[in-house]
Amino acid sequence: MSDRAVATDAHPAQIDGGSSPRPVTGPRRQLVPLARRLALSVWFWPTAFAALVVGWRLGSPEMWHDELVTVDVATRSTGQIRGMLANVDAVHGAYYLFMHGWTTLFGTGPAAVRLPSALAMTLATACVALAARRLFDHRTGVAAGFVFALVPTVTRFGQETRSYAFVVLAAAAATLFLLRALERPAWWRWAAYALAVAGIGLVNVVALTLLLGHGAAVLMHAWRERRWWSLAWFALAAAGGAAIAAPVILRGMKQAGRQVSWIPDSSPWTVWEQAYGSTLLAVAVTALAAVGVLTRLRRDVAARSVSAALVAVLPLPVILLASTGDINYFFSKYLLFLLPAWAVLAGAGIAVLRRAPLVAVALVVVAALSVPGQLALRGEYSHGWYTYPQARAFKPLSYSQAARLIEADYQPGDGLVAGGPWWWMHEPGVRYYLPADVAPRNVFEQRSAAQRHELFGAACANPASCLRDEPRIWVLLPTITDAPLAGLPKKQAAVLTERYEVVRVNHATGITVALLRRRG
């Protein structure tokens, strides 16, 4: 259809007694071309699709351990947050401070605290489409944007109250800004790239390995175009961005033993599947990426294809090599920053089909392959299943069910005891789902996590001295048991056994809720 036909369809002639058509003027005349430009832009439809998919069931899945840590820290004072970052979680400091401001404005409901990640992943989709267009063409840009939005982990971590979506956005934006700076060098374009690099370093140190691929791409560009100043600008911008993030990087390195020493070793392909949230998508995207590179090696865009491949591939062996020591960095959630680059290559593989109907069919096939993963990662307890499509790393916990059990029979003056490892976040999780007026005191907590500048509180050395003659006490355990006092530390169990009797034991998903009543 010609442009004239489009314009005629958009502005049908108005017949009024044989008079000539009235010209369209005013705001309507300006809106129609704008709408048309948006509809024909490379980023609009993939980004709109990503917004829909990321927003689907945004607030429905149960909050899980990591998200509850975010909410717990974000709702502290800025002084308490800074104090905690000196001890732990410095790598998440920028995100926590951002979420502190966000929750102050918008509250702590599940949808509210997940919305920033949804917006970040939606913007990352636009960056992917625009970067693919600059590297290849319009068709590749559209295909890459849709492939990226169809990856289950993209939309899953677009609903996570953690910093992973921001890492992906910073990585996608950095690649786009780098391409723009190489095409039309200007100091402000390199400054934008430096800020994106700083954003990467502030939220995920591992993702800075992306600079290896960027550096290789810049070297190829400088050699091909004989623009050696590009190397100097790149080095300056990358160093500047890293310098901005240096305090977080250095503090994070000191805390690495505590932060990530728990990550188990897994085979590279297993981790790659988990990074996509789908075995089928991992195979499909990897294969399409290979097609996208190999089919362009004899074309005028061969250098660009190789550059894009280096950005996508080079960080992987470096992260693997760094993981040969005591700490494993080759972890699915830490590799999400590479998904934009792989989506660009996969989009190039689909664009080989050239004709729009064939490209559409290929995208429908990719969408069909993603359905099992998309559904699995939208389930009620899906946020704790970060190892999908492999088995769960741990059983799900329903803090909301446990909260309802307490709320149904709560009485003012009730106390609470939380047994078991703190990292299950069962006490903060249950309190998250309790109404504000249902707030049993933790009878054995001497100092809270916020007061200690830590992620967990400190218990009384002498439990008997911390009791205040509470008539009833609720016991929370992150396990299923009919002997709730056996799951508590010996001193706490002894004083409760002496003064209280168990009157009721209920089980939520993965959590035991028991009610004790004072003897006599």
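Residues numbered from 1 in each chain as written. Predicted model: local features only at pLDDT ≥ 70, side-chain atom pairs only at ≥ 80, totals over all residues. Heavy atoms only, no water.

## Observations concerning the layout of surface pockets
So, point 1. Approximately 1300 Å³ is the volume attributed to the largest pocket.
So, point 2. Around the largest pocket, the lining comprises 46 residues; the ones closest to its centre are Q259, V260, W262, I263 and Y334.
So, point 3. Where the lining of the largest pocket is concerned, the elements lending two or more residues are α4 (65–74), α13 (229–260), α14 (268–276) and α17 (315–322).
So, point 4. Ranked by the residues each element gives to the lining of the largest pocket, the list is headed by α13, at 6 residues.
So, point 5. Size it by volume and the second largest pocket reaches roughly 810 Å³.
So, point 6. Lining the second largest pocket we find 30 residues, and of these E427, P428, N442, E445 and G457 sit closest to its centre. (1 Å grid on protein atoms, 1.4 Å probe; cavity = no way out; pocket = protein on both sides within 12 Å on 5 of 7 lines; lining within 4 Å. Points joined across faces, edges and corners; volume = space filled by probe spheres on them. Helix = DSSP H or I, 4+ residues; strand = E, 2+ residues; numbered from the N terminus.)

## Section: the environment of L52
So, point 1. Tracing the backbone through its elements, the reader meets L52 in helix α3 (residues 44–55).
So, point 2. In this structure L52 comes out as exposed when scored by relative accessible area, which is 66%.
So, point 3. In this structure the C-alpha to C-alpha distance between L52 and V301, which are 249 residues apart in sequence, comes to 33 Å. (Buried < 20%, exposed > 50% of the residue type's maximum accessible area, 1.4 Å probe, protein only.)

## Things to note about the state of the cysteines
So, point 1. Under the criterion given, the structure shown has 1 disulfide.
So, point 2. Disulfide partner of C460: C466, at an S-S distance of 1.8 Å. Across the S-S bond linking C460 and C466, the dihedral sits near -110°, which makes this disulfide left-handed. For the pair C460 and C466, one class covers both residues: buried. (Disulfide = S-S within 2.5 Å.)

## Section: the pairing of strand β5 (residues 472–477)
So, point 1. In terms of burial, β5 is largely enclosed, as 6 of its 6 residues are buried.
So, point 2. Burial along β5 is two-sided: R472, W474 and L476 and I473, V475 and L477, pointing in opposite directions, are all buried.
So, point 3. Sheet topology places strand β1 (residues 415–418) next to β5; 4 bridges connect them, and they run parallel. In the strand pairing of β5, L416 is matched with W474.
So, point 4. Across 6 bridges, the pairing between β5 and strand β7 (residues 511–518) is antiparallel. Each residue of the ladder has a partner; that of R472, found in β7, is R517. (Pairing = 2+ DSSP bridges.)

## Observations concerning the side chain of Q492
So, point 1. Checked against the element boundaries, Q492 lands in helix α24 (residues 490–499).
So, point 2. The residues contacting Q492, other than those within four sequence positions of it, are V417, F444, A459 and P463. (Contact = heavy atoms within 4.5 Å.)

## Re the confidence of the model for the chain
Detailed reading of the predicted model is not advised wherever pLDDT is low.
So, point 1. When pLDDT is averaged across the chain, the result is 93; 94% of the residues are at 70 or more.
So, point 2. Every residue in residues 1–20 scores below 50 in pLDDT, and together they form 14 contacts with partners more than four places removed in sequence or on other chains. (pLDDT = per-residue confidence, 0-100.)

## So, empty space enclosed by the protein
So, point 1. Counted according to the given criterion, the structure contains 2 cavities of 30 Å³ or more.
So, point 2. Of the volumes computed, that of the largest cavity is approximately 100 Å³.
So, point 3. Along the wall of the largest cavity there are 13 residues; nearest its centre are W64, Y381, G384, P396 and L397.
So, point 4. The residue makeup of the lining of the largest cavity, split by class, is 7 nonpolar, 2 polar and 4 charged.
So, point 5. The volume enclosed by the second largest cavity comes to roughly 50 Å³.
So, point 6. T153, R156, F157, Q274, G277, L377, W385, Y386 and Y388 are the residues that line the second largest cavity.
So, point 7. Top element by residues in the lining of the second largest cavity is helix α9 (residues 152–157). It accounts for 3 residues. (Nonpolar A, V, L, I, M, F, W, Y, C, P; charged D, E, K, R; others polar.)

## Thoughts on the pairing of β1
So, point 1. Across 2 bridges, β1 lies against strand β2 (residues 441–442) in parallel orientation. By the bridge assignment, L416 is partnered in β2 with N442.
So, point 2. The β-α-β motif built from β1, the intervening helix α21 (residues 426–433) and the parallel element β2 has right-handed crossover chirality. (Right-handed = clockwise from strand over helix to strand, strands pointing away.)

## Considerations on the packing of aromatic side chains
The geometry of an aromatic ring pair comes down to the distance between the two centres and the angle between the two planes.
So, point 1. Enumeration over the complete set of coordinates arrives at 24 aromatic pairs.
So, point 2. Look at W64 and F394: their rings are 6.1 Å apart centre to centre, the planes differ by 15°, and that puts the pair in the stacked class. Taken together, the positions of W64 in the loop between α3 and α4 and F394 in the loop between α19 (356–376) and α20 (399–408) put the pair 330 residues apart, joining distant regions of the chain.
So, point 3. Relative accessible area serves as the criterion here: at 19%, F394 is assigned to the buried category. (Phe/Tyr/Trp six-rings, centres within 6.5 Å; stacked < 30°, edge-to-face > 60°.)

## Re the sheet that holds β1
So, point 1. Overall, mixed pairing links the 5 strands, which are arranged β2-β1-β5-β7-β6 in an open sheet. The open sheet is flanked by β2 and β6 (500–508), the only strands paired with a single partner.
So, point 2. Both β6 and β7 contribute to a ladder of 8 bridges, which runs antiparallel. By the bridge assignment for β7, V502 is matched with L516.
So, point 3. Contacting β1, β2 and β5, α21 runs over the sheet at an angle of about 140° to β1. (Axes fitted to C-alpha atoms, helices over the stretch in contact; angles between N-to-C directions.)

## Topic: the packing of helix α7 (residues 110–135) against helix α8 (residues 138–150)
So, point 1. One can describe the packing of α7 onto α8 by two numbers: an axis separation of 7 Å at closest approach and a directional angle of 150°. The angle between α7 and α8 falls in the class roughly antiparallel. The chirality of how α7 crosses α8 is right-handed. Contacts from M121, A124, T125, V128, A129, A132 and R133 in α7 reach H138, T140, G141, A144, G145, F148 and A149 in α8.
So, point 2. Of the residues contributing to the contact of α7 with α8, the split by class is 8 nonpolar, 5 polar and 1 charged. (Parallel < 35°, antiparallel > 145°, perpendicular 65-115°, else oblique. Left-handed = near helix turned anticlockwise from the far one by under 90°.)

## Quick notes on unusual backbone geometry
Most peptide bonds are trans, and most residues other than glycine sit at a negative phi.
So, point 1. Following Y388, the chain continues to P389 via a peptide bond in cis, the omega torsion being 15°.
So, point 2. Examined against the element boundaries, P389 turns out to sit in the loop between α19 and α20.
So, point 3. You will see that R354, though not glycine, has its phi angle at about 70°, which is positive.
So, point 4. Of note, R354 is situated in the loop between α18 (339–351) and α19.
So, point 5. Look at M425: it is not a glycine, yet its phi comes out positive at around 55°.
So, point 6. Mapped onto the elements, M425 comes out in the loop between β1 and α21.
So, point 7. Residue classification places M425 among the buried positions, given a relative accessible area of 2%.

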